[in-house]
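Chains, contacts and geometry: an overview
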Amino acid sequence: MTFTTIILILLLGLGLIILEFLVIPGTTIVGFLGAALVVAAVLFAYRDHGSTSGHVILAVSAVILGGMFILGFRAKTWERLSVRTEITGKVNVLEEGEVNPADKGKSISRLAPMGKAVFNEKMYEVQSTGAFIAEGTDVEVTKVSGNKIWVKQVG
């Protein structure tokens, strides 16, 4: 095998490893294929061109892979690729007597079966007792347990 072919196999393997880290992380197939190509390039260099060429290809690939890892962690690559949004939603925080069975309110979203409703001018996450309830429908609290509120359609 020619030295040019070995270099191309090595570059293809390194390129696949870079793809695994930056473009399609988590699949591992591309990473394993890239690692296999790098190993194959080193083995072909030893077999076809002797130990000196094998050592050079091995050293070059080790330096490039090490450099890729160092740059990957130092360049804050992961921060650029990560999601930075926060979840600001929260579960109902019900104080004793704030919402009671038989309280009446209005759904402000479709309850299918979960949705939002307003009771005593405050919005809560509620669950219907089974049926879908359209937005803007009058509802009544049937049960309050912990932070869960069950409602039914009035009328």
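See above for the structure.
Read on for an overview of the structure. (Residues numbered from 1 in each chain as written. Predicted model: local features only at pLDDT ≥ 70, side-chain atom pairs only at ≥ 80, totals over all residues. Heavy atoms only, no water.)

Scanning the chain from terminus to terminus reveals three helices and five strands. For the chain, the N- to C-terminal ordering of α and β elements is α-α-α-β-β-β-β-β. Its C-alpha atoms give the chain a radius of gyration of 31 Å, clearly above 15 Å, the size a compact globule of 155 residues would have. The long-range fraction of contacts in the chain, counting pairs at least 24 apart against all pairs at least 6 apart in sequence, stands at 45%. Summed over its atoms, the accessible surface of the chain is roughly 10300 Å², and 64% of this surface lies on carbon and sulfur atoms. (Helix = DSSP H or I, 4+ residues; strand = E, 2+ residues; numbered from the N terminus. Rg over C-alpha atoms; globule rule 2.2 N^0.38 Å. Contact = heavy atoms within 4.5 Å. Areas by Shrake-Rupley, 256 points an atom, 1.4 Å probe, with all protein chains shown as cover.)

Right, let's get into the pairing of strand β5 (residues 148-153). Relative to β5, strand β3 (residues 122-128) runs parallel, the two sharing two bridges. Residue S128 lies in a different strand from β5, and its bridge partner there is V151. Two strands pair when backbone bridges link them, and strand β4 (residues 138-145) and β5 are joined in this way by six bridges, in the antiparallel orientation. Counterpart to V139 in the pairing with β5 is Q153. (Pairing = 2+ DSSP bridges.)

It is worth spelling out the pairing of strand β1 (residues 104-107) at this point. The pairing of β1 with β4 spans three bridges and is antiparallel. Within β4, the position partnered with K104 by the bridge is E140. In the sheet, β1 pairs with strand β2 (residues 114-119) via two bridges, with the strands oriented antiparallel. Along β2, the bridge assignment pairs S107 with A117.

What follows covers the pattern of salt bridges. Two side chains with opposite charge may pair up if their charged atoms get near one another. With the rule as written, the count across this model stands at five salt bridges. In this structure, the salt-bridge partner of D48 is R47, at a minimum N-O distance of 2.8 Å. Of the charged contacts, one joins K116 and E125 as a salt bridge, the two residues approaching to 3.7 Å between their closest N and O atoms. (Salt bridge = Lys/Arg side-chain N within 4 Å of Asp/Glu carboxyl O.)

Purely spatial values, then, with no claim about function.
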